[in-house]
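A closer look at the structure
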Amino acid sequence: MSHTIAAVSTGNQVSAIGILRLSGDDCVQIAQQVFQAKSGIPLSHIPARKLTLGVLRDKQNRVIDQCMAVCTPAPHSYTGEDTVEFHCHGSPAVLAAGLEALYQAGARPAQRGEFTKRAFLNGRLELSQAEAVIDLIESETADAAANAAGQVGGALQKKLAPIYHTLTDICSHFHAVLDYPDEEIEDFRLENYAALLRTQAKLLHALLSTYGQGRILRQGVAAAIVGKPNVGKSSLLNALAGYDRAIVTDIPGTTRDTVEESIRIGSTRLRLIDTAGIRETADAVEAMGVERSKAAAENADLVIFVCDGAQPLTQEDRQVIEVCLEAPNAIALINKTDLGQVVLPSDLPFTTILTVCAKSGEGLEQLSQVLDTMFAGNIPCDGSILTNPRQYDAIRRAYEAILAALQGLQLGLTPDAVLTDVEQSMEALGEVTGATVREDITARIFERFCVGK
Ligand code: GDP
């Protein structure tokens, strides 16, 4: 018996349509108390999944809205329970009044993610799919959405299920050997299991290696803007962000701390980090900024080197270039070209070099194309990229347990020792699908959701 829950599913803002959602055993009976179909047919007799026009009334019988109702009976609904939705006019006042009427009729407020949690508990989604639902809602680029949509469709599950089955198979053979030591168990050859385990380890390793791309998909490209003071780093950040986020002055070393800004350029989301300029300095406050600058460049997926194109390159520029060459991806921007250009692309050891004017924004449009080629173009957005840190951690543990099992086989350990490692790997994989995950962890996962989902 599940208590009927109700929530606004479309957020608290004015929109063309707003949806009230109900799920639980009594939802049709509760919905019926507040809704009358224009046809006079009670909701309980309206065909499943058919939109029906009617009026929504409050407890005083005042009409709150003219809306459409739709019932989806268990088990073929999102939650796996009976559900009803009211598609109302999207006024927050209408939706609040409608929700209040539903509470008065016996529904209780839904908690964050409770609809999806019920879907998980009723076996409509496994945990990795449920987590992908929130990733899909929160996705900020089309690529991130496509990957999350693939995972809602079960892309991860499809990769992990065969691995899990192979491990189960191995375990059952090992159990047979342990439980019936005197019997000749068919096909029990340790080298066969080693080969099978190696294949599973390879598959898990391939999945784990997508996480770098996954982090970019989820959080955006961490991009550090580096360069000596006064070359136009803050101006660049402001030009890209569209407003004065960083303080721009012509006194070298003004940007005392790192400033972060999340922006979308073409299909790429950048987390831009402005730095205080990489240089050795005696000024204590500035030194702190310089240290942070170095750290920002070191941890960045992309380093954007800026130089003053109207001045010859200095020793300081070269020190910064050294840092850039260590980064996984680097772009050089020759700035201030409106003042004349003495720095030429051939002076810089970068593959990608753009000539820009941060002050007017000239030349920055080429950046979108460069970034798309660098980051957006090569991500297969079908759900095969691992984006979730919790899932990454569990799969890493599953992988390490298989490596331990392999080592055990190599060292000639007894089958029970090897079995323990294989079972540990299965347990870790079960945390991804939800088969073995602890309740408090499940609760934490659904807390990430909004109310109404
Ligand atoms: P930062 O220290 O590297 O962050 O440099 P700022 O962005 O604070 O810029 C330093 C000075 O250079 C400011 O006076 C900016 O207005 C100026 N500046 C930045 N970009 C350009 C540009 O493309 N052309 C010109 N003429 N001046 C610029």
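1. Brief notes about the overall build of the protein
Along the backbone of the protein there are 15 helices and 13 strands. The burial tally for the protein puts 49% of its 453 residues in the buried class.

2. Here we look at the side chain of threonine 141
Following the sequence through the fold, threonine 141 ends up in the loop between α4 (127–138) and α5 (142–152). The exposure class assigned to threonine 141 is buried, which follows from its relative accessible area of 12%. Excluding residues that lie within four positions of it along the chain, threonine 141 makes contacts with Arg264, Ser267 and Arg269.

3. Let's talk about the confidence of the model for the protein
For the protein, mean pLDDT is 86; residues scoring 70 or higher make up 88% of the total. For the stretch residues 284–290, pLDDT sits under 50, and the model shows 14 contacts to residues farther than four places along the chain or on other chains.

4. Here's the deal with unusual backbone geometry
The omega angle of the peptide bond from alanine 74 to proline 75 is 0 degrees, so this bond is cis rather than trans. Residue placement: proline 75 occurs in the loop between β5 (63–72) and β6 (83–90). Here the phi dihedral of arginine 49 falls at roughly 60 degrees; this positive angle occurs in a residue that is not glycine. With respect to the helices, strands and loops of the structure, arginine 49 is situated in the loop between β3 (35–37) and β4 (52–57). For asparagine 230, which is not glycine, the phi dihedral falls at a positive 75 degrees. Mapping asparagine 230 onto the fold places it in the loop between β8 (221–226) and α9 (233–241). Here asparagine 230 falls in the partly exposed class, since its relative accessible area comes to 33%.

5. Topic: the packing of helix α3 (residues 114–121) against helix α15 (residues 439–447)
Running from N to C, α3 and α15 point in directions that differ by 140 degrees, and their axes come no closer than 9 Å. If you check the angle between α3 and α15, you find them oblique. Of the two possible hands of crossing, α3 and α15 adopt the one that is right-handed. Residues Thr116, Lys117 and Phe120 of α3 pack against Thr442, Ala443 and Phe446 of α15. Of the residues in the contact of α3 with α15, the class split is 3 nonpolar, 2 polar and 1 charged.

6. Some remarks on the pairing of strand β1 (residues 5–8)
It is a general feature of regular strands that their side chains alternate between the two faces of the sheet. The two faces of β1 match: Ile5 and Ala7 on one face and Ala6 and Val8 on the other face are all buried. Here 4 bridges tie β1 to strand β2 (residues 15–23), and the two strands are oriented antiparallel to one another. Across the sheet, the residue bridging to alanine 7 is arginine 21, located in β2. Relative to strand β7 (residues 108–109), β1 is paired through 2 bridges, and the arrangement is parallel. The partner of alanine 6 across the bridge, within β7, is proline 109.

What counts and what doesn't
- Residues numbered from 1 in each chain as written.
- Predicted model: local features only at pLDDT ≥ 70, side-chain atom pairs only at ≥ 80, totals over all residues.
- Heavy atoms only, no water.
- Helix = DSSP H or I, 4+ residues; strand = E, 2+ residues; numbered from the N terminus.
- Buried < 20%, exposed > 50% of the residue type's maximum accessible area, 1.4 Å probe, protein only.
- Contact = heavy atoms within 4.5 Å.
- pLDDT = per-residue confidence, 0-100.
- Axes fitted to C-alpha atoms, helices over the stretch in contact; angles between N-to-C directions.
- Parallel < 35°, antiparallel > 145°, perpendicular 65-115°, else oblique.
- Left-handed = near helix turned anticlockwise from the far one by under 90°.
- Nonpolar A, V, L, I, M, F, W, Y, C, P; charged D, E, K, R; others polar.
- Pairing = 2+ DSSP bridges.

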